[in-house]
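# Analysis of the macromolecular model
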Amino acid sequence: MPESALLASALLFGLAGSTHCIGMCGGIAGSLALSGGERGLRFQLAYNLGRLFSYALAGVLIGQLGQLFTQTAELTLVLRSLAALIMVVMGLYIAGWWQGAAYLERAGGVVWRRLQPFTRTLLPADTLPKALLLGAFWGWLPCGLVYTTLLWVGTVSNNSLTSAGLMLAFGAGTLPALLTSALLARQLKQLLQRSGVRQGAGLLVILFGLATLPWTSLLHTH
């Protein structure tokens, strides 16, 4: 898949996943803004820039891991198929039809329990540097959507810069919802958590995943 198509896919995941992000992180975004004593756009941008930095760092790490494996035609086929299936799992998770990705959150909780005490030292986040650093910690909050996206990135790219770019694109897709969540939390949450909106977003990701399965190669191997 061309890199531009991969970036578009990552952005789509972020946009579609906003239905999940508002439910999980919308309240956090609002409380962080209030802890800083203001709801200013500068503080919201700082939080989210820190969060995106963490996503990019995770992308670099997964890209480094991918470089350990030698790409063969068979492995490429397996990875492409796995990437498409991860999209389907992500779509099911977004739509609320299957919460399999939530198991990844439990694994991530081990890391978060070690990081969480450091976040308390940054409250109240009343300066931009503290807001930026708090956002960087926030990026490691256990989230099945982030983890499945990271797994998908690991299957489609073994280049650290590309992987970081894909995670940034994913993060950018979540920005519209989370940047406005502090000001419009109630209205936005009501809209994005409507079952029809969630299911429509999830179905879009599922169809995209099915469309990207290497059907020709899979049928040819049989």
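Before going into details, it helps to say that this report is about the structure given with it. These numbers come from a predicted model, not from an experiment. (Residues numbered from 1 in each chain as written. Predicted model: local features only at pLDDT ≥ 70, side-chain atom pairs only at ≥ 80, totals over all residues. Heavy atoms only, no water.)

Attention now moves to the overall build of the chain. For the chain, the helix and strand inventory stands at 10 helices and 0 strands. Taken from N to C terminus, the helices and strands of the chain fall in the order α-α-α-α-α-α-α-α-α-α. Taking as baseline every contact in the chain between residues at least 6 positions apart, the subset at least 24 positions apart corresponds to 83%. On the chain, roughly 11200 Å² of surface is accessible, and the fraction owed to carbon and sulfur atoms is 69%. (Helix = DSSP H or I, 4+ residues; strand = E, 2+ residues; numbered from the N terminus. Contact = heavy atoms within 4.5 Å. Areas by Shrake-Rupley, 256 points an atom, 1.4 Å probe, with all protein chains shown as cover.)

Let us now look at the layout of surface pockets. Here the largest pocket is characterised by a volume of approximately 480 Å³. Around the largest pocket, the lining comprises 21 residues; the ones closest to its centre are Leu-79, Gly-154, Thr-155, Val-156 and Ser-157. Looking at the lining of the largest pocket, the elements that each hand over two or more residues are α3 (41–66), α4 (73–95) and α7 (144–156). It is α4 that contributes the most residues to the lining of the largest pocket, 7 residues altogether. In the lining of the largest pocket, the residues fall into 12 nonpolar, 8 polar and 1 charged. (1 Å grid on protein atoms, 1.4 Å probe; cavity = no way out; pocket = protein on both sides within 12 Å on 5 of 7 lines; lining within 4 Å. Points joined across faces, edges and corners; volume = space filled by probe spheres on them. Nonpolar A, V, L, I, M, F, W, Y, C, P; charged D, E, K, R; others polar.)

Time to look at the environment of Tyr-147. Positionally, Tyr-147 belongs in helix α7. A sequence separation of 40 residues divides Tyr-147 from Ala-107, and the C-alpha atoms of the two residues are 9.9 Å apart. Apart from residues lying up to four places away in sequence, Tyr-147 is in contact with Leu-104, Glu-105, Gly-108, Trp-140, Leu-141 and Pro-142.

Look at α3 against helix α6 (residues 128–138): their axes get within 6 Å of each other, and the N-to-C directions meet at 40 degrees. As summarised for this structure, α3 and α6 are arranged oblique, according to the angle between their axes. Taken as a pair, α3 and α6 cross one another with a handedness that is right-handed. Facing α3, whose interface residues are Arg-42, Phe-43, Ala-46, Tyr-47, Asn-48, Leu-49, Gly-50, Arg-51 and Ser-54, α6 presents Leu-128, Ala-131, Leu-132, Leu-134, Gly-135, Ala-136, Phe-137 and Trp-138. Class assignment of the residues belonging to the contact of α3 with α6 gives a composition of 11 nonpolar, 4 polar and 2 charged. (Axes fitted to C-alpha atoms, helices over the stretch in contact; angles between N-to-C directions. Parallel < 35°, antiparallel > 145°, perpendicular 65-115°, else oblique. Left-handed = near helix turned anticlockwise from the far one by under 90°.)

Within the structure shown, the criterion is met by 3 aromatic pairs. Centroid distance Phe-13 to Trp-152: 4.8 Å. Interplanar angle 80 degrees. Geometry classified as edge-to-face. Taken together, the residues span a long stretch of sequence, with Phe-13 in helix α1 (residues 3–16) and Trp-152 in helix α7 at a distance of 139 residues. Taken individually, Phe-13 and Trp-152 each receive the classification buried, so the pair is uniform in this respect. Geometrically, the ring pair formed by Tyr-55 and Phe-170 is tilted, given 5.7 Å between the ring centres and 45 degrees between the ring planes. Of the two residues, Tyr-55 is situated in helix α3 and Phe-170 in helix α8 (residues 160–192); the sequence distance between them amounts to 115 residues. According to the relative accessible area criterion, Tyr-55 is buried, its value standing at 7%. Directly above the aromatic system of Trp-138 lies the positively charged group of Arg-51, at a separation of 5.5 Å from the ring centroid. (Phe/Tyr/Trp six-rings, centres within 6.5 Å; stacked < 30°, edge-to-face > 60°. Buried < 20%, exposed > 50% of the residue type's maximum accessible area, 1.4 Å probe, protein only. Lys NZ or Arg CZ within 6 Å of the ring centre and 35° of its normal.)

Further remarks concern the packing of α3 against α7. The geometry of α3 relative to α7 is characterised by a closest axis approach of 9 Å and an angle of 40 degrees between their N-to-C directions. Here α3 runs over α7; the crossing is right-handed. From α3, Tyr-55, Ala-58, Gly-59 and Ile-62 reach across to α7, where they touch Val-146, Leu-150, Val-153 and Gly-154. Looking at the contact of α3 with α7, its residues break down into 6 nonpolar, 2 polar and no charged.

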